[in-house]
Amino acid sequence: MIYSRARPLLFAIVGAILFGASAPLAKVLLGEAHPVLLAGLLYLGCGAGLLAFSLARSAFGVKVGVQLTCKDTPWLAGAVLAGGVAAPIMLLLGLQSTPAATASLLLNFECAATTLIAAFMFQEYVGERAWAAIGLITASSVVLSFDGAQFGASLGAVSIIVACVLWGLDNNLTRSISSKDPVSIGIVKGTVSGAFSLALALLLGAPLPGPFIIMAAMLVGSLCYGLSIALFILSMRHIGAARASALMGTAPFAGVIVSFLIFRGAPDTSFYISAPLMVLGALLLFGEEHAHTHIHVHGTITHEHIHRHDDQHRHH
């Protein structure tokens, strides 16, 4: 009985660890594959993993959500281009020159970007607590982006921040189809984005890596993106979207830990300065007691949030 109650929490925690591990693992693979080509392989792996999960779900008679229709195409296409194609490419380009731990911490900026876009582009109300969180996360991101050696912004860090902004746009576009089955959305985003990025890489003349690297990249996409989504959905079914989302929101910090385990390099001073600001900002965001139903796929990643309308605003 105790295990039964703890299992949904375990699903969410394992899902967060898998998702957090995606950035440092992708950095390892970047040494063997072109960034655009790697993005395609990661996304195709995600699509394949979610497809396997969907087939297993159907085989066991698990009820699925509302399926996508032609009316959803414009919103889905925009989300695929922003969050499924452009964002991961920017992330992988940024990872080439940014420490994995710093990149993992910077990914928290996605939450702030999502809220800013919701407020300014979609005219959604944002409370004082959310604005305070955005300020802290933005300040932390500025510190992480500073390149002391050249007295300017690090292009790698800026690329990751741009990726977060694109994922924030993805989040807001996807909200229009948030009532639809998140697994189906993830399958479409993963396969379409992956195929597009792979074709683009080949057109750019990127060489195909060896079979081992291809399989490794697709495995990372399947586990760190596809399986993490599946675990999140299973967890949400038992403990609710709010709790599951809060646990999944720890993924960037899990990524920092995984980065230290893989690369074993001591972070620079900016990391220690920015980390407390980022943690405090994230806690303010996670502590919000409201949400709207929202599904987000990092081209490879899907989040679903339940939104209560007991107040007049939304926060991710």
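In the block above lies the structure referred to throughout.
From a predicted model like this one, the values you see are computed outputs, not experimental measurements.

Trainee: What am I meant to see in the packing of aromatic side chains here?
Mentor: All chains considered together, the criterion is met by four aromatic pairs. On the basis of an interplanar angle of 65 degrees and a centroid distance of 6.3 Å, the ring pair of F19 and Y225 is categorised as edge-to-face. Placement of F19 in helix α1 (residues 2–30) and of Y225 in helix α9 (residues 211–239) is noted, with a sequence separation of 206 residues between them. For the pair F271 and Y272, a centre-to-centre distance of 6.0 Å together with 90 degrees between the ring planes defines the contact as edge-to-face. The exposure class of F271 is buried, given its relative accessible area of 6%.

Trainee: Any chance you could explain the pattern of salt bridges here in plain terms?
Mentor: Any two side chains of opposite charge can pair, given that their charged atoms come close. Within this structure, the stated rule accounts for four salt bridges. Here R57 and D181 are joined by a salt bridge, their closest N and O atoms 2.9 Å apart. Here R57 is found in helix α2 (residues 35–59), whereas its partner D181 is found in the loop between α7 (155–174) and α8 (182–203), with 124 residues between them in sequence. Since its relative accessible area comes to 8%, R57 is described here as buried. R175 serves as the salt-bridge partner of E124, at 2.1 Å between the closest nitrogen and oxygen. Remark: R175 occurs in the loop between α7 and α8 and E124 occurs in the loop between α5 (109–120) and α6 (128–145); sequence separation between them is 51 residues. Residue E124 is classed as buried on the basis of its relative accessible area of 16%. Judged by relative accessible area, R175 falls into the partly exposed class, the value being 23%.

Trainee: What exactly am I supposed to notice about the environment of A52 here?
Mentor: Inspection of the secondary structure assignment puts A52 in helix α2. Note: C-alpha distance between A52 and L227 (175 residues apart in sequence) is 9.7 Å.

Trainee: Could you clarify how one ought to interpret α6 in this entry?
Mentor: Residues that lie three or four places apart on an α-helix share one face, since the helix turns once every 3.6 residues. Here α6 is 18 residues long and its end C-alpha atoms lie 26 Å apart, about the 26 Å a rise of 1.5 Å per residue gives. The complete set of buried residues in α6 reads A130, A133, I134, L136, I137, S140, S141, L144 and S145. All buried residues of α6 fall inside an arc of 165 degrees around its axis, so they share one side. Turned more than 90 degrees away from the buried face of α6 sit E128 and V142, all of them exposed.

Thresholds applied
Residues numbered from 1 in each chain as written. Predicted model: local features only at pLDDT ≥ 70, side-chain atom pairs only at ≥ 80, totals over all residues. Heavy atoms only, no water. Phe/Tyr/Trp six-rings, centres within 6.5 Å; stacked < 30°, edge-to-face > 60°. Helix = DSSP H or I, 4+ residues; strand = E, 2+ residues; numbered from the N terminus. Buried < 20%, exposed > 50% of the residue type's maximum accessible area, 1.4 Å probe, protein only. Salt bridge = Lys/Arg side-chain N within 4 Å of Asp/Glu carboxyl O. Expected span 1.5 Å × (residues − 1). Arc of directions from axis to C-beta.

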